[in-house]
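# Residue-level structural notes
Below, each chain spelled out in residue letters.
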Amino acid sequence: MTLGSTPADRIVRHKFVDRAYHWLMAVAMFILLATAFLPILGIKFEWVAIHWVTGLVLTAIVLIHIIRASFWQNFWSMMIDGGDLKDPFGKAGKYSLAQKLYHLAISVLILAAIGSGLLMWRKVDTPFWQRDPYWLSTENWGLVYALHGLAAMALVTMIIIHIYFALRPDEWHLTRSMLRGWITRKEYLDHHDPRRWQAKDEA
Amino acid sequence: MSLFRYASSIYGGSDMLIGANYGLLPWFALAGLGFAIAHAIFKAVAAPSKPR
């Protein structure tokens, strides 16, 4: 019998709704980056409508995630605490210090991209309104475009790093947990401090 | 290479910010790849995984 083959040996790490959020967000991010950068790289197509509609989808799922993380999940499990600072490379709670720092950085970038993207939406014809390029001054549009562009390019860096860690064999248990929801009891005890993350088994 | 793109103002005066410089995109991608390669080398050579 292999490890994790019975529900009693499995520790729930990510519920279905959280995995669905992660993968929906991943698809949205790839569509957004492809529609943003492929035309710049010379692959021309009608990208604007796909980009803003996907941006709205991303905005909606990020809002749902923020509400769910604040009221239905342990919000503080993603916050840096004294244990992380006392022993940054020791056994983690649910998330390691590196994961918390990554989450903080990518949250800032995605919120910057969403905030600036929502403003830029005013310059696009939609079923709700006609574009108004004079809604902000030229200088302020420049700032909004600069923020959106820098956040998008930094997200490329962050996503490459994220995929690298997801593919590392020593992180595979975390990747599996984002696919199937669980880690084994041995992985839980090897990598996590049960005093800092009181996990439940799947049984 | 600048982080930003500028355009000349039709009213004269200083250049106006119009957005980020997308010519930097390969450098942002290389930064991610560089981090991954450096980390992989570090883990393989200096700090191989061991049970904690």
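Per chain, residue numbering runs from 1 following the sequence as it is written. Chains and ligands are labelled sequentially in the order written, the chains with letters from A and the ligands with numbers from 1. Selection of residues for local features in this predicted model requires a pLDDT of at least 70, selection of side-chain atom pairs for listing and counting requires 80 or more, and totals for whole chains, interfaces and linings are taken over all residues.

## Thoughts on the nonpolar core
Residues and elements named next belong to chain A. Heads up, the condition is: Note on definitions: a nonpolar core is a set of buried residues drawn from Ala, Val, Leu, Ile, Met, Phe, Trp, Tyr and Cys, linked by C-beta atoms within 7 Å. A residue is called partly exposed when the number of other C-beta atoms within 10 Å of its own lies between 12 and 20, exposed at 12 or fewer, and buried at 20 or more, with C-beta atoms placed from the backbone. Every helix listed is a DSSP run of H or I at least four residues long, and every strand listed is a run of E at least two residues long, numbered separately from the N terminus.
In terms of nonpolar packing, the biggest core is built from 16 residues, with Ala113, Leu150, Ala151, Ala152, Met153, Ala154 and Leu155 touching the most fellow members. Of all the elements in the fold, those that place two or more residues in this core are helix 1 (16-37), helix 4 (97-120) and helix 5 (138-167). Per element, the largest residue contribution to this core is nine residues, and it comes from helix 5.

## Structural notes on the interface of chain A and chain B
What counts, and what does not: Here contacts are defined at the residue level, using C-beta atoms placed from the backbone and a cut-off of 7 Å between them. The classification used treats Ala, Val, Leu, Ile, Met, Phe, Trp, Tyr, Cys and Pro as nonpolar, Asp, Glu, Lys and Arg as charged, and all other residues, Gly among them, as polar.
Facing the 20 residues of chain A at the interface are 20 residues of chain B. Looking at which element gives the most residues to the side of chain A that touches chain B, the answer is helix 5 of chain A, with 15 residues. When grouped by side-chain class, the residues that make up the side of chain A that touches chain B number 12 nonpolar, four polar and four charged.

## Focus: the packing of helix 5 of chain A against helix 1 (residues 25-46) of chain B
To keep things clear, this is the line we draw: The angle between two axes is taken between their N-to-C directions and runs from 0 to 180 degrees, where each axis is a line fitted to C-alpha atoms and a helix contributes only its stretch in contact. Angle categories are assigned with fixed cut-offs, so that under 35 degrees is roughly parallel, over 145 is roughly antiparallel, 65 to 115 is roughly perpendicular, and the rest are oblique. Each crossing is labelled by how the near helix is turned from the far one, with a counterclockwise turn of less than a right angle marking it left-handed and a clockwise turn marking it right-handed.
Running from N to C, helix 5 of chain A and helix 1 of chain B cross one another at 25°; their axes reach a closest spacing of 8 Å. In this view, helix 5 of chain A runs roughly parallel relative to helix 1 of chain B, as classed from their interaxial angle. When you trace helix 5 of chain A past helix 1 of chain B, the crossing you get is right-handed. On the side of helix 5 of chain A, the interface is formed by Met153, Ala154, Val156, Thr157, Ile160, Ile161 and Tyr164 of chain A, while helix 1 of chain B contributes Leu25, Phe28, Ala29, Ala31, Gly32, Leu33, Phe35 and Ala36 of chain B. When grouped by side-chain class, the residues that make up the contact of helix 5 of chain A with helix 1 of chain B number 13 nonpolar, two polar and no charged.

## Details of the environment of Lys200 of chain A
Residue and element names in this part refer to chain A. The residue Lys200 is located in the segment after helix 7 (185-191) in this model. We classify Lys200 as exposed; it has 8 C-beta atoms within 10 Å. Between the C-alpha atoms of Lys200 and Asp170, which are 30 residues apart in sequence, the distance is 23 Å.

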